[in-house]
Structures are given as structure tokens and as C-alpha cells.
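This is what each chain is made of:
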Amino acid sequence: MDTQRFRTTWQVAILLLVSSLLAGCGINNIPTYDEQVKSAWSQVENQYQRRADLIPNLVETVKGFARQEQETLTAVVEARAKATSINISADDLNDPAKMRQFEQAQSQLTGALSRLMAVSERYPDLKSNQNFLALQSQLEGTENRIAVARRDFIAAVERYNTEIRTFPGRIWHSLMYSDMPIRENFSATTENAEQAPQVNFE
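A brief look at the structure comes next. Here the structure is a predicted model, which means the values were calculated and not measured. (Residues numbered from 1 in each chain as written. Predicted model: local features only at pLDDT ≥ 70, side-chain atom pairs only at ≥ 80, totals over all residues. Heavy atoms only, no water.)

### Re the overall build of the protein
Phase 1 of the analysis: Helices and strands together make up the secondary structure of the protein, namely seven helices and zero strands.
Phase 2 of the analysis: Each helix (α) and strand (β) of the protein, taken in turn from the N terminus, gives the series α-α-α-α-α-α-α.
Phase 3 of the analysis: Of all 202 residues assigned to the protein, the portion counted as buried reaches 33%.
Phase 4 of the analysis: Sequence-distant contacts in the protein: of pairs separated by 6 or more residues, those separated by 24 or more amount to 78%.
Phase 5 of the analysis: Of the roughly 12900 Å² that the protein leaves accessible, carbon and sulfur atoms contribute 52%. (Helix = DSSP H or I, 4+ residues; strand = E, 2+ residues; numbered from the N terminus. Buried < 20%, exposed > 50% of the residue type's maximum accessible area, 1.4 Å probe, protein only. Contact = heavy atoms within 4.5 Å. Areas by Shrake-Rupley, 256 points an atom, 1.4 Å probe, with all protein chains shown as cover.)

Here you go:
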């Protein structure tokens, strides 16, 4: 009886020791970092959705002041429709083609909104309209939030990718998490994004 109790005590002690060693050696880092990547991506999508939700109000406000700018307004509406029609789930984060397609659609929407804001400069009444100013401010804030959410996603992907490519994460990846691939990160989708914009006041 004492021998069995002694053996059970030792088994529990060994189990606790092994558990604490495994917990402290990074065995859980890969799935933890993977979840952080998914969470960061959700924030990116959240901010893109916020922008998409603001656009119809912005378009209607501008429409009342700038009826002749129909082409620009149509481009914004079409770009919004395309951007919101492409959905990326957490599983799609491993598909570089889908990620590129999503980012290109969002980039087109950013460009269309920039053209719309440039058009607004031609309409003094529009520039002083409180609804327009409030929407413009919200969109500018949203663009900043998108930039922050993308930065956080990039950092999460970097942490995850570094973990599965370096020691000891590389060992745990090959032994237990081999089905979890290296993740693609954001890349510039706008043409000539690496070039600084030219400012001309002539």
C-alpha cells in the first residue's frame, strides 16, 4: 500500500515537473502567436468595415453639393462594393493570392476616396458643411486606425513567423505544429508605393 502511494506521489511529481518544463519552454508559443495573428487580422477587417460603413453617408453628402462629379462618386461606390464583396477569414490568411486580391480592392477604395476628397476642394459650400466635415474627420481617423491595425497585424505575423523559424520554436513546429505554415504579410499594393508623392503648388 505504501509502495503504491509512493509510486503515485512520484508519478504526480514527475507529471508536474514535466508540465512546468514544457510550459516554460515555449511549447504553447506557436498556437498563442497564431491566435494573436488572427486577432490582429480581425482588427484590420473591423477598421475596413468601419470605413465602408461611413462611405454611403459621405457620398450622399457630397452628392447634394457636387452633382456634376458623378463619375468620382460612382467610382467610390463601385470601389466600396468591390472591397466589401471580398471577405477574408482566418483560414484565408495562408492564401497569398486571396490576401493580395483583398488588399488590391482596399487600395482601390483608398484611391477613390482620395480623389473624392480632392474634388471636394472645388466646392466651398461643401467644405464648410458640418456633415461633410464630420464625415471627413471620421474617415481620416479611420485611415489612421487602419494603419495602426495593419502595423499590429504585421508585428503579430513577424512574431509568429520568427517563432516557427527559430530555436526552440522550430523544434515544436516540426514535432507538433507542422500543419501551421509561415504566414504572408502585407505588401504594398499601390503602384509606385515606394516613391514619395510629389507636391506641386503651381
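Now that the structure has been shown, we can carry on.
### Focus on helix α4 (residues 96–120)
It helps to recall that an α-helix has 3.6 residues per turn; residues three or four apart then point in one direction.
Phase 1 of the analysis: An ideal rise of 1.5 Å per residue puts 36 Å on 25 residues; α4 measures up with 36 Å between its terminal C-alpha atoms.
Phase 2 of the analysis: At the N-terminal boundary of α4, the capping side chain belongs to Asp95, with an oxygen 3.1 Å from the backbone nitrogen of Ala97. (Expected span 1.5 Å × (residues − 1). Polar contact = N/O pair within 3.5 Å; in protein donor to acceptor, adjacent residues only side chain to side chain.)

### Regarding a nonpolar patch on the surface
Phase 1 of the analysis: A cluster of nonpolar side chains, contributed by Phe167, Ile171, Leu175 and Met176, occupies part of the molecular surface with about 460 Å² of accessible area.
Phase 2 of the analysis: Looking at the secondary structure, you find Phe167 in the loop between α6 (130–165) and α7 (169–175).
Phase 3 of the analysis: On the accessibility criterion, Phe167 (70% relative accessible area) is exposed. (Patch = residues over 30% accessible without salt bridge, like charges linked within 9 Å, V, L, I, M, F, W, Y side chains within 5 Å. Salt bridge = Lys/Arg side-chain N within 4 Å of Asp/Glu carboxyl O.)

### Description of the nonpolar core
Phase 1 of the analysis: One finds Trp41, Leu58, Val62 and Phe153 to be the most contacted residues of the largest nonpolar core, which totals 46 residues.
Phase 2 of the analysis: Mapped onto this core, the elements with two or more residues apiece are α2 (29–65), α3 (70–85), α4 and α6.
Phase 3 of the analysis: The biggest single contributor to this core is α2, with twelve residues.
Phase 4 of the analysis: Once residues within four sequence positions are removed from consideration, Val62 is found in contact with Leu73, Leu116, Leu126 and Phe132. (Core = buried A, V, L, I, M, F, W, Y, C linked by side-chain atoms within 4.5 Å.)

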